[in-house]
Amino acid sequence: MTDKLIIFDTTLRDGEQSPGASMTKDEKLRIARQLERLKVNVIEAGFAASSNGDFEAVRAIAQAIKDSTVCSLARANDRDISRAAEALKGGNSTRIHLFLATSALHMEKKLRMTPDQVFEQARLSTRFARNLSEDVEFSPEDGYRSDPDFLCRVLEAVIDAGATTINIPDTVGYAIPELYGNFILDLRKRIPNSDRAIWSVHCHNDLGMAVANSLAGVKIGGARQIECTINGLGERAGNCALEEVVMSVRTRKDYFGLSLDIDTSQIVAASRLVSQTTGFVVQPNKAVVGANAFAHASGIHQDGVLKARDTYEIMRAEDVGWTANKIVLGKLSGRNAFKQRLHELGIEMESEAEINAAFAKFKELADRKSDIFDEDILALVMDESVTAEHEHYRLLALSQRSETGERPHAKVAFAAGDQELHAESDGNGPVDASLKAIETQVKSGAEMLLYSVNAITSGSTESQGEVTVRLQHGGRVVNGVGSDPDIVVASAKAYLSALNKLHSKNERVAAQG
Ligand code: KIV
Ligand code: ZN
């Protein structure tokens, strides 16, 4: 019999803390459904007490998800824990995850609490949470940089108070695999009641070792839960990447000897969904989910793979959900086929009117682009001008003129609430001219932190361009994503989408604060 490794996905909580990655309730729900299809064991849906928006998102996910445990983060205080319990109420299988910092640095400088106060608060709040939920996880924040003696004292007490999972965060990504593995092993050996809890690892990637550290925590330390995010999304250098740990444990089952519930064929779909939703592009050479992860360019490699696949391939592309660019729909596809494909992609639209609007956009796209791929459909429904009539800014029309030796000029018409605005401007290039034109009317004063263009499907200039724009204003960072076969139009859509987020009062800066 093999031990099971629990996969705890925190894309919707720790991943969302990445500046600009905050998501709407509907976006979170869509990703949660894909995580359920991926068969992750636990979905950390958010931090219910951090905002009304996050509370509603946790609540919606707890109601919708049946096959994975749905979890909410909470600080170790009664108010946060009660909010988490309330948001999770009625869910099929739920967990409260509380955290409290235990490193000397965090206790003294951030919490301004003595170790004894932290000990008492950890113990009492775990007991409080356990009265509200059978399934309680405790995380000593900055656990890896905490004094081991103090940590043993706290963890023994919280296990006694009812914690069922103990998670050891390497909050700042400081660990080294062997040291982190042994750190967990020592805690498990020294704490008398350690066998009453499942041990978990939570690693950040500041030194590029989050995956290696997590695997060492499992192999050396004996942890049986890994906390991770799709595409390694997360603050700073991100979190441990789900696709990488999962495929490591699966590909090297000979070494880890652990079983997983994950349906790996859903990995690429999850990666694309998260990337298209947040605007965080996946680098081409990213393990497992990068566009080049299974591409063999060198003649020697190609020859080898053709003769015997395992000469250069340790995993099969189809096992993680890479299919050769499959044409899914075209110009002649009907509304029912479109609706069915949306369903297969996990996209549930709330009303028939929304489906009609998306179908109209699909037909428009199919007139301009002969083959429509899954990626095109995902991009299309991510496009807020399709799904959200209520968005404040919407692109209506754009024209631009550029000629060698001439300064490009753009004219843009867009809706701002009930008003129709017209703007024009010159710029360094047609994109610059279009965005400057919009800005002459909106006057957001936002600083642009990022502008990036990607082809949605690789291999041809027929592909749609997907543009991400990151704006910063008044201490908030937001991402806007837009797609269109014309990259100038895609850029204007992305810019308006980011402006919509700045315009929205509900948008949060980060879940954890
Ligand atoms: O990195 C961290 O310490 C966390 C905890 C809240 C688990 O994300
Ligand atoms: Zn974290």
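Criteria and thresholds
- Residues numbered from 1 in each chain as written.
- Chains lettered and ligands numbered in written order.
- Predicted model: local features only at pLDDT ≥ 70, side-chain atom pairs only at ≥ 80, totals over all residues.
- Heavy atoms only, no water.
- Buried < 20%, exposed > 50% of the residue type's maximum accessible area, 1.4 Å probe, protein only.
- Helix = DSSP H or I, 4+ residues; strand = E, 2+ residues; numbered from the N terminus.
- Contact = heavy atoms within 4.5 Å.
- Polar contact = N/O pair within 3.5 Å; in protein donor to acceptor, adjacent residues only side chain to side chain.
- Near = heavy atom within 4 Å.
- Areas by Shrake-Rupley, 256 points an atom, 1.4 Å probe, with all protein chains shown as cover.
- Nonpolar A, V, L, I, M, F, W, Y, C, P; charged D, E, K, R; others polar.
- Donors = N, O, S within 2.8 Å, 3.2 Å for Na, K, Ca; no water.
- Pairing = 2+ DSSP bridges.
- Domains from an automatic or database assignment.
- Buried area = accessible area lost by both parts, 1.4 Å probe.
- Salt bridge = Lys/Arg side-chain N within 4 Å of Asp/Glu carboxyl O.
- Expected span 1.5 Å × (residues − 1).
- Arc of directions from axis to C-beta.

1. Remarks on helix H3 (residues 78-88)
All of the buried residues along H3 are Asp80, Ile81, Arg83, Ala84, Ala85, Ala87 and Leu88. Turning to H3, the residues buried within the fold contact helix H2 (52-64), strand S4 (69-75), strand S5 (94-101) and helix H5 (115-132). A side-chain oxygen of the first residue of H3 lies 3.2 Å from the backbone nitrogen of Arg79; this N-cap is Asn77. One or two steps after H3, the chain reaches Gly90, where phi turns positive at roughly 90 degrees.

2. Focus: the site of ligand 1
Every residue near ligand 1 is listed here: Arg13, Asp14, His97, Phe99, Ser139, Glu141, Pro169, Thr171, His202 and His204. Here an oxygen atom of ligand 1 and a side-chain polar atom of Asp14 are 3.1 Å apart. His204 is positioned such that a nitrogen or oxygen atom in its side chain is 3.0 Å from an oxygen atom of ligand 1. Its free accessible area being 260 Å², ligand 1 has 98% of it covered by the protein chains. For the shell around ligand 1, the per-class residue count stands at 2 nonpolar, 5 polar and 3 charged.

3. Here's the deal with the coordination of the zinc ion (ligand 2)
Coordination angles at a metal have ideal targets, namely 109.5 degrees for four tetrahedral donors and 90 or 180 degrees for six octahedral donors. Those protein atoms acting as donors to the zinc ion (ligand 2) are Asp14 (OD), His202 (NE2) and His204 (NE2), and they sit at 2.0 to 2.1 Å. Between consecutive donors of the zinc ion (ligand 2), the numbers of intervening residues give the motif D-x187-H-x1-H. Here the residue Asp14 occupies a position in the loop between strand S2 (6-9) and helix H1 (25-37), and His202 occupies one in strand S8 (residues 198-203), the gap between them amounting to 188 residues. A single burial state applies to Asp14 and to His202, both of which are buried.

4. A word on the pairing of strand S7 (residues 165-170)
Summarising burial for S7: 6 of the 6 residues are buried, a large majority. Judged by which residues are buried, S7 turns out to be covered on both faces: Thr165, Asn167 and Pro169 on one side and Ile166, Ile168 and Asp170 on the other are all buried. Bridging between S7 and S8 involves 6 bridges; their strand directions are parallel. Bridge pairing in S8 links Asp170 to Cys203.

5. Notes on the domain arrangement of the protein chain
Structurally, the protein chain comprises domain 1 (6-278), domain 2 (294-322), domain 3 (335-382) and domain 4 (388-503). On a C-alpha basis, the centroid separation for the pair domain 1 and domain 3 is 35 Å. The interface is formed by 8 residues belonging to domain 1 together with 10 residues belonging to domain 3. For the pair domain 1 and domain 3, the summed buried surface comes to about 900 Å²; carbon and sulfur atoms form 50% of the total. Area buried by domain 1 at its contact with domain 3 is led by Arg30, Arg272 and Gln276, which between them contribute 57% of it. Across the domain 1-domain 3 interface, the total number found is 0 salt bridges. Seen at the junction of domain 1 and domain 3, the total is 0 residue pairs in polar contact (both at pLDDT 80 or more). Those elements that place two or more of their residues in the side of domain 1 that touches domain 3 are H1 and helix H11 (267-278). Considering only residue class, the side of domain 1 that touches domain 3 consists of 1 nonpolar, 2 polar and 5 charged.

6. With respect to helix H7 (residues 177-190)
Turn by turn, an α-helix covers 3.6 residues, leaving residues three or four places apart pointing in a common direction. In this model H7 runs 20 Å from its N-terminal to its C-terminal C-alpha over 14 residues, within 8% of the 20 Å that 1.5 Å per residue would give. Every buried residue of H7 is accounted for by Tyr180, Gly181, Phe183, Ile184 and Leu187. All buried residues of H7 fall inside an arc of 155 degrees around its axis, so they share one side. For H7, the exposed residues lying more than 90 degrees away from the buried face are Glu178 and Lys189. Its buried side turned inward, H7 meets helix H6 (148-160), S7, S8 and helix H8 (210-219).

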